[in-house]
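Here is what each chain is made of, one letter per residue.
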Amino acid sequence: MNRREFLALMSSAALAAAMGCRSQQHPPRDALITPKPGGRKILIAHRGASAYAPENTLPAYDLAIKQGADYVEQDLQISKDGVLMCGHDVELTRVSNIADVFPDRFTEAKVKGKTVRKWWIYNFTVAELKQLDFGSHLDPKFKGTQIPTWQEAIDLIRGRAGLFPETKGPELYGKLGFNMEQMVVDVLNRNGLNDKSNHATPVFIQSFSRPSLERVNALIGSRWPKLQLALVGKPFTDEMMDETKQYATAIGPAKNDVTAALVQKAHAKGLSVVTWTFSSREPSQYGSVANEMRHYLYDLGADALFTNNPDQFPREANS
Ligand code: G3P
Ligand code: CA
């Protein structure tokens, strides 16, 4: 680097620091669109910084950005009144006090021959969901934390990191009369996030559902990149990767299904590899979640990963 380049670099860094701006940390808009072995590794905060703040809430998303996330993941559900909401589970008792607030609003379901009570998110309006506590399940100090709409998440994250939404239960919502993929695209369009000059807020759409990603692809083509997830124990075969390439940009195997050979094959086909999920709350044979992530990124060659611990993400030279 010559002196002029050095000074230019320093002045842009100083300007960014003075503005409190994280611009150098934003993922490049083309991150993960084509694999770049040896390039910058991409940090996706899984449900936000969910090791430290309640998953899929604004505090978790905000903390993830402060801990350096390139992208913040939002799992998406749909309320009774047709609003995209952030949340992993379609049934709300694990993460909220819904059974206390709406004790009579359950639906009975049969599980292994037993009748059980379920509080499905799609039976509640946004106004009702906002009455619930989505924080205490993690720690009493988060009591009163509300479920965010996806729009509220976008308002928080926009300009500070990328968005990594996942369509959860798209077939279920289809049966209920919602076109989840169209709703996702409508929200992105309404927010002007289809503008390719918007480098500060790249968008990556993910799903376990191939039909869901194919519907997204039919709606928007390559305007936003897409990640095809696969369930635990379902490693991507050559055939699956060739099919995925038709409508998506990256494959998302569970970490136990990732090998160096799989990563090399995916890269040879032009697919990036994004694996999941890395958490300090799960025992790891690597001694720490940071070491575990290091192994997958730098030994096996994965391009990106989802973690509950963005602050532990191992950055090495050029990454
Ligand atoms: O979306 C990547 C990863 O989050 C998949 O697992 O169940 O946490 O959505 P899950
Ligand atoms: Ca997810």
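Scroll up to find the structure this text is about.
Since the structure is predicted, the reported quantities are computational estimates derived from the model, not experimental observations. Counting starts from 1 at the beginning of each chain's written sequence and moves along it residue by residue. Chains carry letters and ligands carry numbers; both start at the beginning, A for chains and 1 for ligands, and go up in the order they are written. Note on the predicted model: pLDDT of at least 70 is required for a residue's local features to be given, and 80 or more for side-chain atom pairs to be given and counted; whole-chain, interface and lining totals, by contrast, use all residues. Just so you know, side-chain values use all the structure's heavy atoms and leave hydrogens and water out.

## Comments concerning the overall build of the protein chain
- Numbering goes from the N terminus for both helices and strands, where a helix is a DSSP run of H or I of at least four residues and a strand is a run of E of at least two. On a plain count of helices and strands, the protein chain comes out with eleven helices and eleven strands.
- Any residue under 20% of the maximum accessible area for its type is buried, any over 50% is exposed, and the rest in between are partly exposed; the area is computed with a 1.4 Å probe on protein chains only. The buried share among the 319 residues of the protein chain stands at 51%.
- Between two residues, a contact is recorded if the distance between any of their heavy atoms is within 4.5 Å. In the protein chain, the proportion of contacts linking residues at least 24 apart, taken out of those at least 6 apart, comes to 64%.
- Computed with the Shrake-Rupley method and a 1.4 Å probe, the accessible areas treat only the protein chains shown as cover for residues. When the accessible surface of the protein chain is split by element, carbon and sulfur atoms take 53% of a total near 14,400 Å².

## Considerations on the packing of helix H2 (residues 58-66) against helix H5 (residues 150-157)
- At a closest axis distance of 10 Å, the pairing of H2 and H5 adopts a crossing angle of 25°. On the basis of the axis angle, H2 is roughly parallel to H5. When the axes of H2 and H5 are compared, the crossing they make is right-handed. For the pair H2 and H5, contact is made by Leu-58, Tyr-61, Asp-62 and Ile-65 and by Glu-152, Ala-153, Leu-156 and Ile-157, respectively.
- Looking at the contact of H2 with H5 residue by residue, the class counts come to six nonpolar, no polar and two charged. Every angle, taken between N-to-C directions, lies between 0 and 180 degrees, and every axis is a line fitted to C-alpha atoms, over only the stretch in contact when it is a helix. Working rule for angles: under 35 degrees goes down as roughly parallel, over 145 as roughly antiparallel, 65 to 115 as roughly perpendicular, anything else as oblique. Crossing handedness is read from the near helix: turned anticlockwise from the far helix by less than a right angle, it gives a left-handed crossing, and turned clockwise, a right-handed one. Polarity classes work like this: nonpolar for Ala, Val, Leu, Ile, Met, Phe, Trp, Tyr, Cys and Pro, charged for Asp, Glu, Lys and Arg, and polar for all others, with Gly in that last group.

## Focus on the nonpolar core
- Among the nonpolar cores identified, the biggest contains 68 residues, and Val-72, Leu-84, Leu-129, Trp-150, Ile-157, Leu-188 and Ile-205 are the most heavily contacted of them.
- At six residues, the largest contribution of residues to this core is made by helix H7 (residues 180-190).
- Leu-129 has contacts with Ser-79, Met-85, Leu-92, Ile-121, Phe-124, Phe-134 and Ile-147, leaving out every residue within four places of it along the chain.
- Core analysis: the second largest hydrophobic core is formed by 15 residues, Ala-31, Phe-164, Phe-204 and Leu-229 among them. Only buried residues count toward a nonpolar core. Its members are Ala, Val, Leu, Ile, Met, Phe, Trp, Tyr and Cys residues joined through side-chain atoms within 4.5 Å.

## Regarding H7
- All buried positions along H7 are accounted for by Met-180, Glu-181, Met-183, Val-184, Val-185, Val-187 and Leu-188.
- In the segment just after H7, Gly-192 is the residue with positive phi, at about 70°.

## Some thoughts on the coordination of the calcium ion (ligand 2)
- Coordination here is defined by N, O and S atoms within 2.8 Å of the metal (3.2 Å for Na, K and Ca), and since water is not considered, a site can look incomplete. Distances from the calcium ion (ligand 2) to its protein donors, Glu-73 (OE), Asp-75 (OD) and Glu-166 (OE), fall within 2.1 to 2.4 Å.
- Every geometry call rests on angle ranges, with four donors termed tetrahedral when all angles are between 85 and 135 degrees, four termed square planar and six termed octahedral when opposite donors are over 155 degrees apart and all others are between 65 and 115, and everything else termed irregular. Coordination at the calcium ion (ligand 2) is irregular: its six donor atoms span angles of 59 to 163° at the metal.
- Considered as a linear motif, the donors of the calcium ion (ligand 2) on their single chain read E-x1-D-x90-E.

## Brief notes about the site of ligand 1
- Taken together, the residues surrounding ligand 1 are His-46, Arg-47, Glu-73, Asp-75, His-88, Glu-166, Lys-168, Gln-206, Phe-208, Leu-229, Trp-276 and Phe-306.
- Between Glu-73 and ligand 1, the recorded distance is 3.0 Å, taken from a side-chain N or O atom to an oxygen atom.
- Coverage of ligand 1 by the protein chains reaches 91% of its 280 Å² of free accessible surface.
- Residues of the shell around ligand 1, tallied by class, amount to four nonpolar, three polar and five charged. Any residue with a heavy atom positioned within 4 Å of a molecule or strand is treated as near that molecule or strand. Residues adjacent in sequence count toward polar contacts only when both atoms are side-chain atoms; beyond that, a polar contact is any pair of N or O atoms within 3.5 Å, and within protein one must be able to donate a hydrogen and the other to accept it.

## Focus on unusual backbone geometry
- Cis geometry marks the peptide bond from Trp-276 to Thr-277; its omega dihedral reads -10°.
- With respect to the helices and strands, the residue Thr-277 is situated in strand S10 (residues 272-278).
- Phi is positive for Asn-56, close to 55°, though the residue is something other than glycine.
- Take Asn-56: it is sitting in the loop between strand S1 (42-45) and H2.

## Focus on empty space enclosed by the protein
- The distinction between a cavity and a pocket rests on a 1 Å grid over the protein atoms alone: a 1.4 Å probe fits inside a cavity but cannot get out, while a pocket stays open yet meets protein on both sides within 12 Å along at least five of seven lines, and a residue with an atom within 4 Å of a point counts as lining. Grid points are joined across faces, edges and corners, and a volume is the space filled by probe spheres set on the points. For the coordinates displayed, the defined rule picks out one cavity of 30 Å³ or more.
- Space inside the largest cavity adds up to approximately 90 Å³.

## Focus: the packing of aromatic side chains
- We call Phe, Tyr and Trp rings a pair once their centres come within 6.5 Å, taking the six-membered ring for Trp, and we label the pair stacked below 30 degrees between planes, edge-to-face above 60, and tilted otherwise. The full count for this structure, using the stated rule, is twelve aromatic pairs.
- Seen in terms of ring centroids, Phe-208 and Trp-276 are 5.6 Å apart; in terms of plane orientation they differ by 85°. Their pairing is edge-to-face. Here the residue Phe-208 occupies a position in the loop between strand S7 (205-207) and helix H8 (210-220), and Trp-276 occupies one in strand S10, the gap between them amounting to 68 residues.
- What makes Trp-276 buried here is its relative accessible area of 16%.
- Charge-over-ring placement is defined geometrically: NZ (Lys) or CZ (Arg) within 6 Å of the ring centre, and within 35 degrees of the ring normal. The positively charged end of Arg-223 is found above the aromatic ring belonging to Trp-224, 5.0 Å away from the centroid.
- The side chain of Lys-255 reaches across the aromatic face of Phe-278, ending 4.9 Å from its centre.

## Focus: the pattern of salt bridges
- Take a side-chain nitrogen of Lys or Arg and a carboxyl oxygen of Asp or Glu: if they are within 4 Å of each other, that pair is a salt bridge. Per the stated rule, a full pass over the model turns up 20 salt bridges.
- Across the salt bridge formed by Glu-152 and Lys-130, the nearest N and O atoms sit 2.7 Å from each other. Within this pair, whereas Glu-152 is found in helix H5, its partner Lys-130 is found in the loop between helix H4 (126-129) and H5, the two being separated by 22 residues in sequence.
- Residue Glu-171 pairs with Arg-215 through a salt bridge whose shortest N-O separation is 3.8 Å. Of this pair, Glu-171 sits in helix H6 (residues 170-175) while Arg-215 is found in helix H8, placing the two residues 44 residues apart along the sequence.
- For Arg-215, a relative accessible area of 33% puts it in the partly exposed group.
- One network of salt bridges, with partners in common, ties together Arg-47, Glu-55, Asp-75, Asp-89 and Arg-94.

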